[in-house]
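# A look at the structure
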Amino acid sequence: MAEKTTLRKEFTKGLLVENPVLRLVLGTCPTLAISTSMTNSIGMGISAMIVLVCSNIAISMLRRVIPSKVRIPAYIVVIASFVTIVQMLVKAFVPALDSALGVYLPLIVVNCIILGRAEAFAGKNSVAASAVDGIGMGIGFTAALLCMATIREFFGNGTLFSGADSLLNLFGITSFTGIEIFSRLPESLHIEPILILILAPGGFFTFGLLMAVSNKIAEGKGKPKAELRGCDSCPMSGSCSLIARDEAGDCAEKQPAQATANTTGGDA
Amino acid sequence: MSDERLLTASASPHIKSPATTSRIMLDVIIALIPSLVAGVLIFGPRVLAVTGVTVGFCVLSEYLSRRAMKRSNTLGDLSAVVTGVILAFNLPSTIPLWMAAFGSVIAIVVVKQMFGGIGQNFVNPALLARIVLMVSFPAEMLSGWANAFAWRNDNIDALSAATPLAALGDGAKELPTLFQMFFARPGCIGEACAFALILGGLYLTVRGVVIPVIPFFFVGTVAVFMLIYGAATQENALTFTLYQLLGGGLLLGAIFMATDYATSPLSIKGKIIFAVGCGLITSVIRVFGNMTEGVSFSIILMNILVPHIDRLTAPTPFGVVKEKKSGKKKEGAEAAAEKEAAKA
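Keep in mind it's a predicted model, so treat the numbers as computed, not measured.

### Regarding the overall build of chain B
Helix and strand counts for chain B stand at 16 helices and 2 strands. Per-residue burial over chain B gives 47% buried out of 344 residues. Here the contacts in chain B between residues at least 6 apart in sequence split such that 75% fall between residues at least 24 apart. Entry remark: accessible area of chain B is about 18,000 Å², with carbon and sulfur atoms responsible for 66%.

In structure tokens:
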């Protein structure tokens, strides 16, 4: 029974409270780049989720075998293998999605969410928990992408699910190619799509708005805000000379144990 | 009574200025009126509709966003009205009204209130709204300019014109005369009449609202740059320079937008650096970029640099001895590096 509740907790935390994109602020690059269209974001979300679940399981199984000093290269090799497999599958079965995602599909290798979960969770937990964590985080990532893409595609392009046939082809459906909305409005209500939303600045803007909303919801559940707290969010914080020197400073205070552990591990 | 007041010792500040935010903003509005009148005369009554929509939506979104954020009502300082008028000045008179309304909401809610309200905006709200509109609706913002006085004729479509800067870039098209350039030419609502803009600028200077350092150096930098560039490439460098100075949004930007208190440097030295930077970026975009106009981008870019300019040009308080540069700091850094080396 206890096992079951913790598994459920591992699953649900990824959806909102520890949503990888909106709360942990990981995987920002593919989020901003891909979320211009709902079809692409679903494709990206599912690809990343498959890689995440598989790599979480594999790394969790190997966690006693991998020496801790070379764990990052080992994780990368595992993740890269799964990304290669996924990329080949996408190329073979959904070629239109492959060309739409472009370089961001192979870039899943260095996606912070996947490496972050391997490092923070799969390397320390059981196989079942890691798999469930991967599914939860993957759904959270897909949901956040889809939220952003809905806003950006609707206002920026005036459509929903445009180009959906590239995904639905997989199931033999070719008739549904998305919903045109703005172009169907009557002449008196005619409005142009707001182009800036599908460009980079609109991506950042939508991202900020969604983060604010998710912060508000999480605040209601008594969780701290997701914000860039000095050195916490910096991946180099473990080996940063500024932290070591500025021992009385804010950053060193917050995570002294981790900082010293990482410095000794890295420098030795 | 007055003697008594002289004897009362109160805490500082002892010197008070009668200038309040609302009085300054009222002065700016008064200074904008000649250009608004000129805009209505040149482009017709639609100008009033556009200005009405931008001002109305700016005031409305200021009120609603302050309320939603549970902050005090700041409509009384008139800054939202000024933003509205300046935004309207940055739009073509033919723009669909809902786009003008959208721009107003962006200016007030996103640029101003989300960053903390008046005095906290990191760039000029009206200018950023203009850029958002320009990127979002390039067709409506950058083509189909109404020609000056075209609204009096029935067949308006035949009388749309390229802006002088675009015509200057093409070379083949006919240019307005310099007289037309100074008083009435196609373009955005507020930039069509240079005379009215200069009149407004003079009023602001006389009232002491702005020190004309930024406009002078901004326009001056563009003039010098264009004279040199014109001498190298054009037949008549002087005419070319005059067209560059009177064309586009240079005067509107230099007089009313680059001088915004919240987004321009505090010291005179800082203002000069800011204005020269604006002028250089404007000239480079106009001459070498693929856009005809660069005033809005140059002001926004320099707005972002203002905190750094302020830090670099902070005046030293009276009596402070300047620290020698190659002293303690370097030693400190070296010591830290040694400490690091020892650790590893």
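Still more ground to cover, so stick around.
### Some points on the overall build of chain A
Of regular secondary structure, chain A possesses 12 helices and 2 strands. Expressed as a percentage of its 268 residues, the buried residues of chain A come to 38%. Of the contacts made within chain A by residues no fewer than 6 positions apart, 73% connect residues no fewer than 24 positions apart. Carbon together with sulfur atoms contributes 67% to the accessible area of chain A, which is approximately 14,000 Å² in total.

### Thoughts on the confidence of the model for chain A
Scored by pLDDT, chain A has a mean of 80; 81% of the residues are at 70 or more. Throughout residues 247–268 of chain A the model reports pLDDT below 50, and contacts reaching past four residues in sequence, or to other chains, amount to 15 contacts.

### Quick word on the state of the cysteines
Any covalent bond linking the sulfur atoms of two cysteines counts as a disulfide. Residues and elements named next belong to chain A. Following the criterion strictly, the structure yields 0 disulfides over all chains and no others. Unpaired in this structure, Cys54 has its nearest cysteine sulfur neighbour in Cys112, at a distance of 20 Å. You can call Cys54 partly exposed: its relative accessible area is 28%. With no disulfide of its own, Cys147 has Cys29 as its nearest cysteine by sulfur position, at a separation of 20 Å.

### Structural notes on the packing of aromatic side chains
Applying the stated criterion to the full structure yields 12 aromatic pairs over all chains. With centroids separated by 4.9 Å and ring planes inclined at 85°, the aromatic side chains of Phe154 of chain A and Phe155 of chain A adopt a geometry described as edge-to-face. Look at Phe154 of chain A and you get partly exposed, because its relative accessible area is 24%. Measuring from centroid to centroid gives 5.0 Å for Phe179 of chain B and Phe183 of chain B, while their planes differ by 45°, and the two rings are tilted. You can see Phe179 of chain B and its partner Phe183 of chain B sitting in helix H9 (residues 178–183), 4 residues apart, about one turn around the helix. By relative accessible area, which is 61% here, Phe179 of chain B ends up exposed. Connected via pairs of aromatic rings, a cluster forms that spans Phe179, Phe182, Phe183 and Phe195 of chain B.

### Overview of the nonpolar core
Of all hydrophobic cores here, the largest spans 85 residues; its most connected members are Ile42, Leu91, Phe218, Phe256, Phe274 and Ile299 of chain B. When residues of this core are assigned to their parent elements, the largest contribution, 10 residues, is made by helix H2 (residues 21–43) of chain B. Ignoring sequence-local partners within four residues, the contact set of Ile299 of chain B consists of Leu127, Phe218, Gly253, Met257, Ala258 and Cys278 of chain B. Ranked by size, the runner-up nonpolar core spans 36 residues in total, among them Leu32, Tyr75, Ile108 and Met137 of chain A.

### A short note on a nonpolar patch on the surface
All names here are of chain A. On the surface, Ile85, Leu89, Phe93, Leu170, Phe171, Ile173, Phe176 and Ile179 cluster together into a nonpolar patch covering about 770 Å² of accessible area. The biggest single contributor to the nonpolar patch is helix H4 (residues 71–93), with 3 residues. Its place among the elements puts Phe176 in the loop between helix H8 (165–168) and strand E2 (179–180). Owing to a relative accessible area of 33%, Phe176 belongs among the partly exposed residues under this scheme.

### Notes on the pattern of salt bridges
The tally for this structure, following the rule as stated, stands at 8 salt bridges over all chains. Lys13 of chain A is the salt-bridge partner of Glu10 of chain A, the closest N and O atoms lying 2.4 Å from each other. Here Glu10 of chain A pairs with Lys13 of chain A, and both are found in helix H1 (residues 2–13), just 3 residues apart, close to one helical turn. Exposure class is identical for Glu10 of chain A and Lys13 of chain A. Each is buried. Across the pair Arg23 of chain B and Asp27 of chain B runs a salt bridge whose closest N-O atoms are separated by 3.0 Å. Of this pair, Arg23 of chain B and Asp27 of chain B both sit in helix H2, 4 residues apart, which is roughly one turn of the helix. With a relative accessible area of 31%, Arg23 of chain B lands in the partly exposed category. Here the residues in one salt-bridge network are Glu10, Lys13, Arg117 and Asp133 of chain A, joined through shared partners.

### Re the packing of helix H6 (residues 112–122) of chain A against helix H7 (residues 127–157) of chain A
Residue and element names in this part refer to chain A. Running from amino to carboxyl end, H6 crosses H7 at an angle of 150°, the nearest separation of the two axes being 11 Å. Accordingly, the angle class assigned to the pair H6 and H7 is roughly antiparallel. When you trace H6 past H7, the crossing you get is right-handed. Along its contact with H6, which presents Ile113, Arg117, Phe121 and Ala122, the element H7 presents Ala129, Ser130, Asp133, Met137 and Phe141. Among the residues making up the contact of H6 with H7, the classes are represented as 6 nonpolar, 1 polar and 2 charged.

### Thoughts on the side chain of Asn124 of chain B
Residue and element names in this part refer to chain B. Relative to the elements of secondary structure, Asn124 occurs in the loop between helix H5 (97–112) and helix H6 (125–136). Looking at Asn124, the relative accessible area reads 5%, which means it is buried. Engagement of the side chain of Asn124 in a polar contact is seen with the backbone oxygen of Met257, the distance being 3.2 Å. The residues contacting Asn124, other than those within four sequence positions of it, are Met257, Asp260, Thr263, Ile300 and Asn303.

Reading the values: rules and limits
- Residues numbered from 1 in each chain as written.
- Chains lettered and ligands numbered in written order.
- Predicted model: local features only at pLDDT ≥ 70, side-chain atom pairs only at ≥ 80, totals over all residues.
- Heavy atoms only, no water.
- Helix = DSSP H or I, 4+ residues; strand = E, 2+ residues; numbered from the N terminus.
- Buried < 20%, exposed > 50% of the residue type's maximum accessible area, 1.4 Å probe, protein only.
- Contact = heavy atoms within 4.5 Å.
- Areas by Shrake-Rupley, 256 points an atom, 1.4 Å probe, with all protein chains shown as cover.
- pLDDT = per-residue confidence, 0-100.
- Disulfide = S-S within 2.5 Å.
- Phe/Tyr/Trp six-rings, centres within 6.5 Å; stacked < 30°, edge-to-face > 60°.
- Core = buried A, V, L, I, M, F, W, Y, C linked by side-chain atoms within 4.5 Å.
- Patch = residues over 30% accessible without salt bridge, like charges linked within 9 Å, V, L, I, M, F, W, Y side chains within 5 Å.
- Salt bridge = Lys/Arg side-chain N within 4 Å of Asp/Glu carboxyl O.
- Axes fitted to C-alpha atoms, helices over the stretch in contact; angles between N-to-C directions.
- Parallel < 35°, antiparallel > 145°, perpendicular 65-115°, else oblique.
- Left-handed = near helix turned anticlockwise from the far one by under 90°.
- Nonpolar A, V, L, I, M, F, W, Y, C, P; charged D, E, K, R; others polar.
- Polar contact = N/O pair within 3.5 Å; in protein donor to acceptor, adjacent residues only side chain to side chain.

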